[in-house]
Amino acid sequence: MHKMRSTNKMGNYRQSMDVQYYQSPCGELILASYDGKLCLCDWYDKPCAEHNKKRTQRILEADAKEENSAVLNQTKEELDEYFAGIRNDFNVPLLLTGTDFQKKVWLALLEIPYGETRTYLDIARRVNNPKGVRAVAQAIGANGISLFIPCHRVIGSNHSLTGFAGGLDAKRLLLGLEGADI
């Protein structure tokens, strides 16, 4: 069922992006779904969250409305199971909103197994751009579907915990929960 709210520049009706919040052990997350898919799972109180929300709304030409959906219910259930240590992977359908390069990087992140880590260079090589470590890092930083697209599993070449939108404490907690060797 599509929810209509207003019209876009072309006079067509705009769909709404349903928004809910989830209190995780690492901080509050903002969740959003659009057309039966999760399009946002971001760290609510962090600067990137508002940017990612606006980018997603712009790309989808959607208005944000605090409302529930079947996908958001499924997302919350799967997050509960993940944080309880009984879920290793997610089944929620995802809607990636970014550039082609960002999507390519995010798809590479989905290949990192639970409890394992990769370096930025590993990801750059995976997307056939071994000299593009900075571009890969920027694409990872633009990931608006945290946890489901596991950017927390990416570490520095010296195996140090490096930048993470949710903060290094959250990254440490997530990797510890997964039993990653950090």
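Residues numbered from 1 in each chain as written. Predicted model: local features only at pLDDT ≥ 70, side-chain atom pairs only at ≥ 80, totals over all residues. Heavy atoms only, no water.

K.L.:
Can you break down the layout of surface pockets residue by residue, with the values?
P.N.:
In this model, the second largest pocket occupies a volume close to 160 Å³. Along its surface, the second largest pocket is lined by 13 residues, and Asp89, Phe90, Leu110, Phe148 and Arg153 are the ones closest to its centre. (1 Å grid on protein atoms, 1.4 Å probe; cavity = no way out; pocket = protein on both sides within 12 Å on 5 of 7 lines; lining within 4 Å. Points joined across faces, edges and corners; volume = space filled by probe spheres on them.)

K.L.:
Kindly report on the pattern of salt bridges, identifying the contributing residues and their values.
P.N.:
One pass over the structure, following the stated rule, counts seven salt bridges. A salt bridge links Glu178 to Arg153; its shortest N-O distance comes to 2.8 Å. Within this pair, whereas Glu178 is found in the segment after α6 (168-177), its partner Arg153 is found in the loop between α5 (133-141) and β7 (154-155), the two being separated by 25 residues in sequence. The class of Arg153 is buried, set by a relative accessible area of 6%. Arg172 is the salt-bridge partner of Asp169, the closest N and O atoms lying 3.1 Å from each other. With a gap of three residues between them, Asp169 and Arg172 both fall in helix α6, about one helical turn apart. The class of Asp169 is exposed, set by a relative accessible area of 62%. (Salt bridge = Lys/Arg side-chain N within 4 Å of Asp/Glu carboxyl O. Helix = DSSP H or I, 4+ residues; strand = E, 2+ residues; numbered from the N terminus. Buried < 20%, exposed > 50% of the residue type's maximum accessible area, 1.4 Å probe, protein only.)

K.L.:
Talk me through the confidence of the model for the chain; I want residue IDs and the actual numbers.
P.N.:
For the chain, the mean per-residue pLDDT works out to 89, and 92% of the residues sit at or above 70. Mean pLDDT across the elements of the chain bottoms out in strand β1 (residues 4-7) (39) and peaks in helix α2 (residues 70-83) (98). The low-confidence segment residues 1-12, where pLDDT is below 50, has 24 contacts with residues more than four positions distant or belonging to other chains. (pLDDT = per-residue confidence, 0-100. Contact = heavy atoms within 4.5 Å.)

K.L.:
Could you give an account of α5, naming the residues involved and the relevant values?
P.N.:
Taken residue by residue, α5 has Val136, Ala139 and Ile140 as its buried positions. Down the axis of α5, the buried side of the element spans an arc of 100°, and every buried residue falls inside it. Seen from the open side of α5, the exposed residues pointing more than 90 degrees away from its buried face are Arg134 and Gln138. Contact partners of the buried residues in α5: α3 (100-109), α4 (120-126) and β7. (Arc of directions from axis to C-beta.)

K.L.:
Could you give an account of the packing of α3 against α5, with specific residues and numbers?
P.N.:
Running from N to C, α3 and α5 cross one another at 80°; their axes reach a closest spacing of 9 Å. One element, α3, and the other, α5, form an angle in the roughly perpendicular class. Each of Phe101, Gln102, Val105, Trp106 and Leu109 in α3 lies in contact with α5, whose residues at this interface are Ala135, Val136, Ala139 and Ile140. Classifying every residue of the contact of α3 with α5 gives eight nonpolar, one polar and no charged. (Axes fitted to C-alpha atoms, helices over the stretch in contact; angles between N-to-C directions. Parallel < 35°, antiparallel > 145°, perpendicular 65-115°, else oblique. Nonpolar A, V, L, I, M, F, W, Y, C, P; charged D, E, K, R; others polar.)

K.L.:
Can you break down the nonpolar core residue by residue, with the values?
P.N.:
Counting 37 residues, the largest nonpolar core has Leu79, Leu109 and Phe148 as its most contacted members. When contributions to this core are tallied by element, the ones reaching two or more residues are β3 (27-34), β4 (37-43), α2, α3, α4, α5 and α6. Examining the composition of this core, we find that five residues originate from one element, α2, more than from any other. What Leu109 contacts, discounting residues up to four positions off in sequence, is Ile123, Ile140, Ile149, Pro150, Cys151 and Val154. Within the second largest apolar cluster, 10 residues are counted, among which are Met17, Val19, Ala32 and Leu40. (Core = buried A, V, L, I, M, F, W, Y, C linked by side-chain atoms within 4.5 Å.)

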